[in-house]
Protein chains: 2
Amino acid sequence: MVAPNATLAVSTVIFALRPTDDPGAESRARSLWIPLVRRLRNPFDNFWALPGGPLPAELDLRDAAAKTVEAVLGFAPRYLEQLYAFGDVDRSGTSGERVVSIVYWALVGDAEARRARLGQNVRWLRADRLPTLAFDHNAIVDYALWRLRNKVEYAPLAQAFIDEPFTITQLRKVHEAVLGRRLDPANFRRQLAAAGGLVDTGEHLAGTPHRPPRLYRFDPAAHRIDQGPLAGPGRSPS
Amino acid sequence: MVAPNATLAVSTVIFALRPTDDPGAESRARSLWIPLVRRLRNPFDNFWALPGGPLPAELDLRDAAAKTVEAVLGFAPRYLEQLYAFGDVDRSGTSGERVVSIVYWALVGDAEARRARLGQNVRWLRADRLPTLAFDHNAIVDYALWRLRNKVEYAPLAQAFIDEPFTITQLRKVHEAVLGRRLDPANFRRQLAAAGGLVDTGEHLAGTPHRPPRLYRFDPAAHRIDQGPLAGPGRSPS
């Protein structure tokens, strides 16, 4: 009835924790990285851009985002949520063509991030230290990063970045890597206790002779990882 | 470079507080209502639907949503935020045409809601008691309602529904109308005090001889009303 009026693209900001390149950091310290794709055509020839592309006719929005992650990394993300639709009239940088991008953000687990083999024109870049990207992609990444850092304070997003069981210290390191700052250990422990959602496994970390730290799991009943409204089978709002 | 691959629509869920039609309610009790538009063609001929339409070529997404509110009610909303993009392959109900809808939600003040003169095929319906709507619009309204009720617990959304100065009781009535349930007055007062963000005007409600209640304003420094990421001039994330 109405003619198509824009090109609809789906792009994805894919966060992974990988070894930091901060000078002087602890040997096992990590930072947030995202894979970006080098553009090989104008506009923004040779600039880095978010992975994604035009919405395939046969795919729902979320499936298109998941497919992008699989194309870039070779596996499905642990967490995938719609972030925002970006559609300013002049954002595409090409005269005559209007592109509206529906952006998802994804979290990728440690083991998966290590396994990923990026293609020739794809590279991991530090999420909080990016060069000038194509289009409005710096603003998009900044917003995704803000959303991740905000949500990790109240939702069990760290589940995506950590393997169970884990110690409180290991969990704190994940939060520190996501937030990009140190957290006070005693405060962190207190806030975790207040929030609930962890199960004491009754076991302790092996190989630590004196007062070995306890190992925990996430409580599935308290803390189902929440991927936003209408996210799929669960379809519970975020 | 890439052909348009979908029709992009922008629709808006417009919430207003209007006198309730609950049987036996207090005379000044209110409920949440939204204006809906009766469809005059297939698919879903004669069903109620959210106001909106195809994205105009010259408008940013947010401006398209604001324009819809003005077209339906005759004025701009006090609050406007992007809700979600709905784009399942089969949601449009018409063979061959794919429609992706970017949905905004809006809040309308009391005085404005009273002033609104709806067009012939537009009607206020109770947001929490809707008939079967066109397309997937029931799911969209349900999600918008969930988002409003969730956000009113931590953000000063009530600003959109109340004129300053106000009493704590008046503010509680707004929250009750939004949430659709009674709140304990002492608890409500305690939570407000803990959250901060109100300024005591030093004045009292006129016309109340004994212990006249205090009048408050929102503290603009503590509580700028927040309309989501990239929302316009302020552009602070929600």
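Residues numbered from 1 in each chain as written. Chains lettered and ligands numbered in written order. Predicted model: local features only at pLDDT ≥ 70, side-chain atom pairs only at ≥ 80, totals over all residues. Heavy atoms only, no water.

Regarding the nonpolar core
Point 1. Within the largest apolar cluster, 54 residues are counted, with the highest numbers of intra-cluster contacts made by Leu61, Leu73 and Ile102 of chain A together with Leu61, Leu73 and Ile102 of chain B.
Point 2. Discounting residues that sit within four places of it in the chain, Leu61 of chain A has contacts with Val10, Leu55, Gln82, Ile102 and Tyr104 of chain A together with Ala85, Phe86, Gly87, Arg98 and Val100 of chain B.
Point 3. Residues Leu17, Trp105, Val178 and Leu183 of chain B belong to the second largest nonpolar core, which totals 44 residues. (Core = buried A, V, L, I, M, F, W, Y, C linked by side-chain atoms within 4.5 Å. Buried < 20%, exposed > 50% of the residue type's maximum accessible area, 1.4 Å probe, protein only. Contact = heavy atoms within 4.5 Å.)

Some words on the pattern of salt bridges
All names here are of chain A.
Point 1. Summed over the entire model, instances satisfying the criterion amount to 32 salt bridges over all chains.
Point 2. Asp21 is the partner of Arg129 in a salt bridge, and the nearest nitrogen-oxygen pair spans 3.6 Å. Separated by 108 residues along the polypeptide, Arg129 in the loop between strand E7 (122–126) and helix H3 (137–151) and Asp21 in the loop between strand E1 (7–19) and strand E2 (30–38) bring together distant segments of the chain.
Point 3. Residue classification places Arg129 among the partly exposed positions, given a relative accessible area of 46%.
Point 4. Among the ionic pairs, Arg78 bridges to Asp163, the shortest N-O distance being 3.0 Å. A residue pair is termed long-range when its members are at least 10 positions apart, and Arg78 in the loop between helix H1 (61–73) and strand E5 (79–86) and Asp163 in the loop between H3 and helix H4 (168–179) qualify at 85 residues.
Point 5. Overall, Arg78 belongs to the partly exposed group, its relative accessible area being 29%.
Point 6. When salt bridges that share partners are traced, they join Asp21, Asp22, Arg126, Asp128, Arg129 and Arg149 into one network. (Salt bridge = Lys/Arg side-chain N within 4 Å of Asp/Glu carboxyl O. Helix = DSSP H or I, 4+ residues; strand = E, 2+ residues; numbered from the N terminus.)

Considerations on helix H3 (residues 137–151) of chain B
All names here are of chain B.
Point 1. With 15 residues, H3 should cover 21 Å at 1.5 Å per step; its first-to-last C-alpha distance of 21 Å lies within 8% of that length.
Point 2. Along H3, the residues classified as buried are His137, Ile140, Val141, Tyr143, Ala144, Leu145, Arg147, Leu148 and Lys151.
Point 3. In the core, the buried residues of H3 are packed alongside strand E1 (7–19), strand E2 (30–38), strand E3 (48–49), strand E5 (79–86), strand E6 (99–108) and helix H4 (168–179). (Expected span 1.5 Å × (residues − 1).)

Describing the domain arrangement of chain A
Residues and elements named next belong to chain A.
Point 1. By domain assignment, chain A separates into domain 1 (7–151) and domain 2 (157–218).
Point 2. For domain 1 and domain 2, the distance between their C-alpha centroids amounts to 28 Å.
Point 3. Of the roughly 1300 Å² buried at the junction of domain 1 and domain 2 (both faces included), carbon and sulfur atoms supply 60%.
Point 4. The largest contributions to the domain 1 side of the interface with domain 2 come from Leu17, Arg78 and Arg149, which together make up 39% of the buried area.
Point 5. Here domain 1 is connected to domain 2 by three salt bridges.
Point 6. Along the contact surface separating domain 1 from domain 2 lie six residue pairs in polar contact (both at pLDDT 80 or more).
Point 7. Every element with two or more residues in the side of domain 1 that touches domain 2 is listed here: E1, E2, strand E6 (99–108) and H3.
Point 8. Partitioning the side of domain 1 that touches domain 2 into residue classes produces nine nonpolar, two polar and six charged. (Domains from an automatic or database assignment. Buried area = accessible area lost by both parts, 1.4 Å probe. Polar contact = N/O pair within 3.5 Å; in protein donor to acceptor, adjacent residues only side chain to side chain. Nonpolar A, V, L, I, M, F, W, Y, C, P; charged D, E, K, R; others polar.)

Thoughts on the layout of surface pockets
Point 1. Taken as a whole, the largest pocket encloses approximately 1200 Å³ of empty space.
Point 2. In terms of lining, the largest pocket is formed by 45 residues, of which the most central are Arg28, Arg30, Gln170, Lys173 and Val174 of chain A.
Point 3. Of all the elements, H4 of chain A adds the most residues to the lining of the largest pocket, at seven residues.
Point 4. Two domains share the lining of the largest pocket, each providing at least three of its residues, namely domain 1 (7–151) and domain 2 (157–218) of chain A.
Point 5. In this model, the second largest pocket occupies a volume close to 950 Å³.
Point 6. Together, 35 residues line the second largest pocket, and Arg28, Ala29, Arg30, Lys173 and Ala177 of chain B are the ones closest to its centre.
Point 7. Mapped by element, the contributors of at least two residues to the lining of the second largest pocket are E1, E2, helix H2 (110–115), strand E7 (122–126) and H4 of chain B. (1 Å grid on protein atoms, 1.4 Å probe; cavity = no way out; pocket = protein on both sides within 12 Å on 5 of 7 lines; lining within 4 Å. Points joined across faces, edges and corners; volume = space filled by probe spheres on them.)

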